[in-house]
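Residue-level listing of the chains:
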Amino acid sequence: VQLQASGGGLVQAGGSLRLSCAASGRIFSNYGMGWFRQAPGKEREFVAAISWSGVTTSNADSVKGRFTISRSNSQNTVYLQMNSLKPEDTAIYYCAANFLRRSAASSRSADYDYWGQGTQVTVSS
């Protein structure tokens, strides 16, 4: 499956952005989806995930109450709504797809088979 992330940009602290990740090439609803991010000089970290059905979601503690993951299987797209953004949210955000654990909302990057190219999010203070 090919993944194309978009929606990143520059925003002031307290602002909002919505990231999108469009999938193609395979049956989108067969895959659990996740968002990860990597800041300069840091390791990639989990942000949020959603099961193939959308029933199960999980979020990193650092984004709970601020970020919401959702998906549209009819549009082959997963979204990440980011509110109350902080400078520490600055990173490249990657979407990813996993098949074997699609019924879960996995936070493990090793579970993901396919990765998008990333979209830059910069939050100014």
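In what follows, the structure referred to is the one given above.
Rules behind the numbers
- Residues numbered from 1 in each chain as written.
- Predicted model: local features only at pLDDT ≥ 70, side-chain atom pairs only at ≥ 80, totals over all residues.
- Heavy atoms only, no water.
- Helix = DSSP H or I, 4+ residues; strand = E, 2+ residues; numbered from the N terminus.
- Buried < 20%, exposed > 50% of the residue type's maximum accessible area, 1.4 Å probe, protein only.
- Lys, Arg positive; Asp, Glu negative; His and termini not counted.
- Charge placed at Lys NZ, Arg CZ, Asp CG, Glu CD.
- Pairing = 2+ DSSP bridges.
- Axes fitted to C-alpha atoms, helices over the stretch in contact; angles between N-to-C directions.
- Salt bridge = Lys/Arg side-chain N within 4 Å of Asp/Glu carboxyl O.
- Core = buried A, V, L, I, M, F, W, Y, C linked by side-chain atoms within 4.5 Å.
- Contact = heavy atoms within 4.5 Å.
- Phe/Tyr/Trp six-rings, centres within 6.5 Å; stacked < 30°, edge-to-face > 60°.
- Lys NZ or Arg CZ within 6 Å of the ring centre and 35° of its normal.

A. Representation of the overall build of the protein chain. Across its full length, the protein chain holds zero helices and eleven strands. Listed N to C, the secondary structure of the protein chain is β-β-β-β-β-β-β-β-β-β-β in terms of helices and strands. Dimensions along the principal axes, computed over C-alpha positions, put the protein chain at roughly 40 × 25 × 25 Å. Burial statistics for the protein chain: of 125 residues in total, 45% are counted as buried. Here the protein chain carries 12 positive and 7 negative side-chain charges, and the mean point of each set is 6 Å from the other.

B. Expanded view of the sheet that holds strand β3 (residues 17–24). One open sheet accounts for four strands, arranged β1-β3-β8-β7; its pairing is antiparallel. Edge positions in the sheet fall to β1 (2–6) and β7 (67–72), since each has one partner strand and no second. Put simply, the sheet's adjacent strands are angled 15° from each other on average, direction ignored. Looking at chain direction, β1 and β3 are connected through five bridges and run antiparallel. Directly across from A5, in β3, lies its bridge partner C21.

C. How the structure looks around the pairing of β3. Sheet topology places β3 next to strand β8 (residues 77–82); six bridges connect them, and they run antiparallel. The partner of L19 across the bridge, within β8, is L80.

D. The arrangement of the pattern of salt bridges in detail. Throughout the structure, instances matching the rule amount to six salt bridges. A salt bridge links R66 to D89; its shortest N-O distance comes to 2.7 Å. Residue R66 is found in the loop between β6 (57–59) and β7, and its partner D89 is found in the loop between β8 and β9 (91–98); the two are separated by 23 residues along the sequence. What makes R66 buried here is its relative accessible area of 10%.

E. Geometry of the nonpolar core. M33, W35, L80, M82 and Y93 are the most contacted members of the largest nonpolar core, which totals 36 residues. At the level of elements, β1, β3, β4 (32–38), β5 (45–50), β7, β8, β9 and β11 (119–124) are the ones that each hand at least two residues to this core. For M82, the residues in contact, after removing those within four places along its chain, are G15, S16, L17, L19, R66, F67, Y93 and V121.

F. Seen up close, the environment of A49. Residue placement: A49 occurs in strand β5. Between the alpha carbons of A49 and F28 there is a distance of 14 Å; along the sequence they are 21 residues apart. Not counting residues within four places of it along the chain, the set of residues in contact with A49 comprises M33, G34, T56, T57, S58, I69, A105, S106 and Y112.

G. Representation of the packing of aromatic side chains within the structure. The full count for this structure, using the stated rule, is six aromatic pairs. Connected via pairs of aromatic rings, a cluster forms that spans F36, F46, Y112 and W115. Its end group placed over the ring of F28, R71 keeps NZ or CZ at 4.3 Å from the ring centre.

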